[in-house]
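Analysis of the macromolecular model
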Amino acid sequence: MSKGLPYSMKDVDYDNAKFRPRSFFRVISQTLFTRSVKRECLSCSTGKFLILLLIGGIAYLTLTHTSPTHSASGGLGEGITDKKHKIITDGANKIRTFWRRAPRLPPRLSPDEEGSNNSSTVSLEKQNSLSKWTSRQQNVKNAFIHAWSGYKNYAMGYDELMPLSKRGIDGLGGLGATVVDSLDTAMIMGIDEIVSEAGSWIEKNLAQRVSEKGQVNLFETTIRVLGGLLSAYHLSGGEHGMDSRTIKGPNPVVYLDAAKDLADRLLVAFTSSPTSVPFSDVILRDRSAHPAPDGLSSTSEVSSLQLEFNYLSIISGDPKYGLEAMKVLEHLKTLPKIEGLVPIYISPRSGEFSGENIRLGSRGDSYYEYLLKVWLQQGTNRDGNLKYLHDMYEEAMKGVRNLLVRKSIPKGLVFVGELPYGSKGAFSPKMDHLVCFLPGNLALGATKGITKRKAMEENLLTFEDLENLKLAEDLAKTCFEMYSVTSTGLAPEIAYFRIEGDTEGGLDGGNKSSEYVNDIIIKPADRHNLLRPETVESLLVLYRVTEDPKYREWGWQIFEAFEKYTKIDSGGYSSLDDVTHLPPQRRDKMETFFLGETLKYLYLLFGDSSMIPLDRFVFNTEAHPLPIISLVKTE
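A few points on the structure. All figures in this text were calculated on a predicted structure; none of them were measured in a lab.

Remarks on the sheet that holds strand 4 (residues 281-283)
Pairing in this open sheet of three strands is antiparallel, and the strands run 3-4-5 from one edge to the other. Strands at the two margins of the open sheet, each flanked by one partner only, are strand 3 (215-217) and strand 5 (288-290). Across this sheet, the average inter-strand angle for adjacent strands is 30 degrees, counted without regard to direction. In the sheet, strand 4 pairs with strand 5 via three bridges, with the strands oriented antiparallel. Opposite Ile283, over in strand 5, you have Ser288 as the bridge partner.

Right, here's the structure in full:
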C-alpha cells in the first residue's frame with residue numbers, strides 16, 4: 001500500500017476558483033492597502049502624486065485594450081494598426097503577468113509514489129489474469145473428473161468407455177488402457193481420489209492382465225501403458241523422481257515392477273525380427289511376436305518406442321531395453337531418404353522402406369517427433385553419440401519446408417500436404433489433424449524448451465531455428481482455423497486446402513462467418529472428431545515458448561466447444577460423426593487419449609509454466625512426461 005500524501009486535507013479540498021486569474025485592480029489595492037508601504041507612501045504629497053500617476057497609467061492601458069478589428073480588404077494600413085495594437089496589448093499583458101500570483105497546484109504524488117501506483121495497477125491486472133486462468137484450469141480439472149466418473153461407473157478395467165451405451169470395450173489388448181493413460185494426468189492435477197483409485201487398480205489387476213492377455217500392438221501398448229507407468233513412477237517419487245509426499249496411491253515400485261514385466265514381454269518384438277525393425281504385434285502371454293497381416297510396420301510406430309525404453313533402462317539399471325530400441329533409429333539412419341523425409345511403411349523382413357508415400361500424418365508423424373525428443377532426452381549429453389538424431393531432424397524439417405509446405409487460396413493459410421507417390425508424383429493438399437503436432441515440435445526444436453525471449457537474449461537461436469519458429473506459428477494458426485471454420489468449433493479428422501489448379505471437391509466447414517471458410521475443404525468421410533490432442537499440444541508449447549496469450553485463448557475456445565458438444569450428462573465425453581452440422585451426431589466412444597493427452601495439455605496450457613517445464617521433461621507421443629536423463633542422474 002502506498003504511503004500517505006505529504007499534504008494536508010486542506011490542500012486536497014480545492015475548487016476551480018483557485019485557478020482563475022484575480023482582478024488586476026484587486027491585486028493593486030491589496031498590495032497598496034494591506035502592507036506597510038501604504039503608510040509610508042501616503043505620509044507625503046510626493047507619494048500621493050506617484051500613486052495617482054500609477055493608477056492613471058494603469059487605467060489608460062486597460063481602457064485601450066480592446067479586441068483587434070480586421071479589415072476585409074487587408075493591406076498595409078491593417079498591418080500598421082495591428083502592430084500598434086500589439087504593442088499596447090503586450091504591455092498590458094506583461095503588467096498583468098507581473099502582478100498575478102501563480103495558482104496553487106493540486107497535490108501530486110512523488111516520482112517514487114507514482115511508480116508504486118503504476119506497479120499496483122499492473123499487479124492488479126496480473127492478479128485478475130491469473131485468477132481468470134486459474135478458474136479456467138479448474139474447469140478443465142472438472143472435465144477430467146467428469147470423464148473419469150463415466151469411465152469408473154460404467155467401464156472400470158476396460159480399455160475404453162462407450163459413454164452413450166454406458167459400457168466398456170477392450171480395443172487395445174484389455175490392459176485397462178484408460179486407467180494407466182489417465183493416472184499421471186490425475187497426479188498433475190492433484191486429484192488424490194482418482195490417483196488412489198487408478199493406482200490401486202494397477203496394483204491389484206495389471207500384472208494378471210499382462211500375463212493372461214493375448215495380442216497387443218507394440219506401439220500402442222508402449223506409448224499408452226508403458227509410458228503411463230513410467231511417468232507415474234517418476235511423478236509419484238520413484239528413484240530419482242519427484243517428491244512422493246504429495247502423491248497418493250501405491251508405492252512407486254509398483255509402477256516400476258509393472259513396467260519391467262510389460263517391457264520384458266514387448267522386447268520379443270525386437271528379438272524375433274530378422275532385422276533391427278521390430279514386428280508390430282506381440283502375444284503377451286506367450287512372449288511371442290509376429291508382423292502385421294501385410295508384413296509391414298508403420299515407420300512412425302517402430303521409431304516411437306525409444307523414449308520409453310531408454311528411460312526404463314535408466315531407472316531399472318538394465319541397458320537391454322534402450323539398446324534394443326535404439327537399434328531401430330541407428331538402422332533408419334542408414335536408409336535412403338528424400339531430403340530427410342521417409343515413406344510411411346517399412347518391412348521388418350527386409351529392413352527397407354516400402355512404397356513412396358510421404359506424409360506427416362498417420363503412420364509418419366511421430367518418426368519426426370522422436371528424432372527430436374530422443375535427442376532432447378539426453379540433456380547435457382546431446383553432443384554425444386546421438387547427435388545424428390538432431391542432424392536427421394534438421395534435414396527432415398528442411399525437406400518439409402521445401403517439399404510439403406504450401407499456402408491455400410484465397411486467404412493464404414500455411415499447411416503441410418502429402419506426397420502419396422513420392423517426390424516425383426503429384427502433391428496432395430491433404431492434412432490430417434495428426435499433423436498439428438508439428439507446430440509444437442518445431443517450436444520445441446527451436447528453443448529446446450526455454451522461452452524465445454531467453455533464447456534470443458543468450459544468442460542461442462540459429463537462422464534455421466527462427467525459420468522453424470515462424471513456420472510453427474503459421475501452422476498453429478492453420479490448425480486453430482481447422483476448428484473455427486466448422487459449425488461446432490471442433491476440427492475434422494482430415495482437411496483439404498484449396499490451392500491453385502486444384503480440382504478437389506467438397507464442402508466447407510459450415511461456419512460461414514469464418515474468414516477461411518473458402519480455404520478449407522472437408523470431405524464427408526473426414527468430418528468426424530475423435531477428441532484428439534495434437535492442436536492443444538502445440539498451443540501449450542507455443543504459449544510457453546513465445547509467451548503469447550493468444551494461444552491460451554485459442555485453447556479455451558477449443559475446450560468450450562468440447563464442453564458444449566461432446567460432454568455426456570451421465571459421465572464421459574463422446575467423439576462426433578460430423579463437426580460441420582448442428583447438432584452433431586455423436587459416436588459411442590471416448591478415446592483414452594482424451595484423458596491422457598487432450599485434457600492434460602489444456603490443464604497445463606492454463607497453468608503456470610513451471611509445472612512440468614519443457615526444458616526438464618519430454619512428453620512421449622501419448623503426453624506422458626518423462627524427465628531429461630541427465631537431470632535424472634543428479635536428482
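Comments concerning unusual backbone geometry
Cis peptide bonds are those with omega within 30 degrees of zero, and the linkage from Ile409 to Pro410 qualifies with 10 degrees. Turning to its location among the elements, Pro410 is positioned in the loop between strand 9 (405-407) and strand 10 (414-416). In the segment running from Leu582 into Pro583, the intervening peptide bond is cis, with an omega of -10 degrees. Mapped onto the elements, Pro583 comes out in the loop between strand 14 (575-576) and strand 15 (586-587). Positioned with a positive phi, Arg287 is a non-glycine residue whose angle comes to about 55 degrees. By the secondary structure assignment, Arg287 is in the loop between strand 4 and strand 5. Although it is not a glycine, Leu531 adopts a positive phi angle of roughly 70 degrees. If you trace the backbone, Leu531 turns up in the loop between strand 13 (520-521) and helix 20 (534-546). Residue class for Leu531 comes out buried when judged on its relative accessible area of 0%.

Here we look at the side chain of His390
Here His390 lies in helix 16 (residues 387-404). His390 sits in the buried class, given a relative accessible area of 11%. His390 has contacts with Leu371, Leu372, Trp375 and Lys448, leaving out every residue within four places of it along the chain.

Describing empty space enclosed by the protein
All told, the structure shown has one cavity of 30 Å³ or more when counted by the stated rule. Its boundaries defined by the atoms lining it, the largest cavity holds a volume of some 100 Å³. Residue lining of the largest cavity: Lys373, Phe437, Gly440, Asn441, Leu444, Glu537, Val541, Tyr601, Leu614, Phe617, Val618 and Phe619, and that is the complete set. Among the elements of the structure, helix 17 (438-447), helix 20 and strand 16 (617-619) are those that each provide at least two residues to the lining of the largest cavity. For the lining of the largest cavity, a count of residues per class yields eight nonpolar, two polar and two charged.

Side note on the sheet that holds strand 8 (residues 353-354)
Strand order across the open sheet formed by three strands is 6-7-8, with antiparallel pairing between neighbours. Each end of this open sheet is capped by a strand with a single partner; those strands are strand 6 (297-298) and strand 8. Of the strand pairs in this sheet, strand 6 and strand 7 (residues 345-346) are connected by two bridges, and their pairing is antiparallel. Across the sheet, the residue bridging to Ser298 is Tyr345, located in strand 7.

Brief notes about the nonpolar core
For soluble globular proteins, nonpolar side chains are generally found buried alongside one another. Core analysis: the largest hydrophobic core is formed by 162 residues, its most contacted members being Ile202, Leu229, Phe309, Leu389, Leu438, Met590 and Leu599. Take this core: its biggest share by element is ten residues, from helix 9 (residues 218-235). Discounting residues that sit within four places of it in the chain, Leu599 has contacts with Val140, Ala143, Phe144, Met189, Phe559 and Phe594.

Details of the packing of aromatic side chains
Inspection of every chain in the model, using the stated rule, returns 13 aromatic pairs. Between Trp148 and Tyr151, the ring centres sit 5.5 Å apart and the planes meet at 50 degrees, which makes this aromatic pair tilted. Here Trp148 and its partner Tyr151 are both found in helix 6 (residues 111-155), three residues apart, which amounts to about one turn of the helix. A single burial state applies to Trp148 and to Tyr151, both of which are buried. Here the aromatic rings of Phe562 and Phe594 are separated by 5.8 Å at their centres, their planes lie at 70 degrees, and the arrangement is edge-to-face.

What about helix 13 (residues 306-316)?
Residues three or four positions apart in an α-helix share a direction because the helix packs 3.6 residues into each turn. Most of helix 13 is tucked away, with nine of its eleven residues classed as buried. Every buried residue of helix 13 is listed here: Gln306, Leu307, Glu308, Phe309, Asn310, Tyr311, Leu312, Ser313 and Ile315. Two residues or fewer past helix 13, Gly317 is found with a positive phi of approximately 80 degrees.

Things to note about helix 15 (residues 365-377)
Helix length check: helix 15 (13 residues) gives 19 Å between terminal C-alpha atoms against 18 Å at 1.5 Å per residue, within 8%. Most of helix 15 is tucked away: 13 of the 13 residues are buried. One or two residues past the end of helix 15 sits Gly379, with phi positive at roughly 65 degrees.

What about the state of the cysteines?
In total, this model carries one disulfide according to the counting rule given. For Cys436, the disulfide goes to Cys479, at an S-S distance of 2.1 Å. Measuring handedness by torsion sign, the sulfur bridge of Cys436 and Cys479 sits at about -100 degrees and is left-handed. You can see Cys436 sitting in the loop between strand 11 (430-432) and helix 17 and its partner Cys479 sitting in helix 19 (residues 463-484), a full 43 residues away along the chain. Across the pair, exposure class does not vary: Cys436 and Cys479 are buried alike.

Basis of the calculations
- Residues numbered from 1 in each chain as written.
- Predicted model: local features only at pLDDT ≥ 70, side-chain atom pairs only at ≥ 80, totals over all residues.
- Heavy atoms only, no water.
- Pairing = 2+ DSSP bridges.
- Helix = DSSP H or I, 4+ residues; strand = E, 2+ residues; numbered from the N terminus.
- Axes fitted to C-alpha atoms, helices over the stretch in contact; angles between N-to-C directions.
- Buried < 20%, exposed > 50% of the residue type's maximum accessible area, 1.4 Å probe, protein only.
- Contact = heavy atoms within 4.5 Å.
- 1 Å grid on protein atoms, 1.4 Å probe; cavity = no way out; pocket = protein on both sides within 12 Å on 5 of 7 lines; lining within 4 Å.
- Points joined across faces, edges and corners; volume = space filled by probe spheres on them.
- Nonpolar A, V, L, I, M, F, W, Y, C, P; charged D, E, K, R; others polar.
- Core = buried A, V, L, I, M, F, W, Y, C linked by side-chain atoms within 4.5 Å.
- Phe/Tyr/Trp six-rings, centres within 6.5 Å; stacked < 30°, edge-to-face > 60°.
- Expected span 1.5 Å × (residues − 1).
- Disulfide = S-S within 2.5 Å.

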